[in-house]
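# Structural overview
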Amino acid sequence: MGLDLYAKIEPYLDFEEEVYTLHKEFLRFVMVNDLNNIIDIGCGQGYFLENLKVNKKNYFGIDLSVEQIKVCQEKNLNAQAIALKDVKEKFDCATAIFDVLNYIPKNELKTFLKETNLVLNQGAYFIFDVNSYFGFDEIAQGCITIDVEDKFIAIDANFEDEKLQTDITLFEKQENGLFSKEQDSIIQEYHSKEFLTKALNETGFELVEIKEFNLHTQEIADKLIFICKKK
């Protein structure tokens, strides 16, 4: 679903400040509640895993993108490119950061939540963020182009019928001086508070808190952070 192509262009998207701000919020919760033994679902290139490692937490990262996990392993982080259903260990906390649940279609979300529940010990926390409707409609959609030395990147994101389709095109200069072309798409879905609350309750989670989070604007929350516990 375009995740490996996204991994190639992610370093050029200038998301460092947003990633840092969101990770700081999650890490604060981990530290305040003295949580350890954490699985980061959809760990990407391991930025949050690095924070856990620095703070001497036991951690494990998983991601479906082989390219993302290659970056993690180059950093000597404990991460694997495996599906959640194949994880055998149990953890005291699970995190899913930077829209991970928005990549999951509505009809597959309960399966994901059940699989998350299965890798958690009794009373363990599950913390994740999702885009608000405002975040999708006003922040995420639009077009950008990035022109660097040996790459040209074009991104076109359109939000319609509660789905954000992001089309990615990458032109990359090869050793022979010619450019190769790669294209793929990523689809994310908007999940309302009501839909997520019901799904969590039906898959063995107790909702502790929903925090509105302003990542890009001070006016309207563009993200929601859900804090849950395994029943």
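All of these numbers come straight from a predicted model, not from anything done at the bench.

### Remarks on the sheet that holds strand β4 (residues 91-96)
Spatially, β3-β2-β1-β4-β5-β11-β10 is the arrangement adopted by the seven strands of the open sheet, whose pairing is mixed. Either end of the sheet is taken by a strand with one partner, and the two such strands are β3 (79-80) and β10 (205-213). Pairing geometry for strand β1 (residues 38-41) and β4, over three bridges, is parallel. Paired with I39 across the bridge in β4 is A94. Across the sheet, helix α5 (residues 106-118) is in contact with β1, β4, β5 (120-131), β10 and β11 (223-230); its angle to β5 comes to roughly 140 degrees. The strands touched by helix α7 (residues 193-202) are β5, β10 and β11; relative to β10, the strand with the most contacts, the crossing angle is about 155 degrees.

### Re the pairing of strand β2 (residues 59-62)
Side chains Y59 and G61 of β2 all project onto a buried face; the interleaved residues F60 and I62 project onto the opposite face, where all are buried too. Read from β1 through helix α3 (residues 47-54) to β2, the crossover connection turns out right-handed. The pairing of β2 with β3 spans two bridges and is parallel. Counted as the bridge partner of I62 is Q80 from β3. Each parallel crossover has a hand, and the one from β2 via helix α4 (residues 66-74) to β3 is right-handed.

### A short note on the pattern of salt bridges
This structure, assessed with the given rule, holds 15 salt bridges. Of the charged contacts, one joins E189 and K106 as a salt bridge, the two residues approaching to 3.8 Å between their closest N and O atoms. Pair noted here: E189 is in strand β9 (residues 179-189) and K106 is in helix α5, with a separation of 83 residues, a long-range link. Look at K106 and you get partly exposed, because its relative accessible area is 31%. A salt bridge links K110 to E202, with the shortest nitrogen-to-oxygen separation between them at 2.3 Å. Of this pair, K110 sits in helix α5 while E202 is found in helix α7, placing the two residues 92 residues apart along the sequence. Since its relative accessible area comes to 38%, K110 is described here as partly exposed. Three or more residues are tied together by salt bridges with common partners; here these are E25, R28 and K211.

### What to know about the sheet that holds strand β8 (residues 163-173)
If you walk across this open sheet you meet the four strands as β6-β7-β8-β9, and the pairing is antiparallel. Strands with a single pairing partner mark the edges of an open sheet, and in this sheet they are β6 (142-148) and β9. Averaged over neighbouring strand pairs, the angle between their axes works out to 10 degrees when direction is ignored. Bridge count for strand β7 (residues 151-160) against β8 is 10 bridges, and the pairing is antiparallel. Residue N158 lies in a different strand from β8, and its bridge partner there is Q165.

Conventions and cut-offs
Residues numbered from 1 in each chain as written. Predicted model: local features only at pLDDT ≥ 70, side-chain atom pairs only at ≥ 80, totals over all residues. Heavy atoms only, no water. Pairing = 2+ DSSP bridges. Helix = DSSP H or I, 4+ residues; strand = E, 2+ residues; numbered from the N terminus. Contact = heavy atoms within 4.5 Å. Axes fitted to C-alpha atoms, helices over the stretch in contact; angles between N-to-C directions. Buried < 20%, exposed > 50% of the residue type's maximum accessible area, 1.4 Å probe, protein only. Right-handed = clockwise from strand over helix to strand, strands pointing away. Salt bridge = Lys/Arg side-chain N within 4 Å of Asp/Glu carboxyl O.

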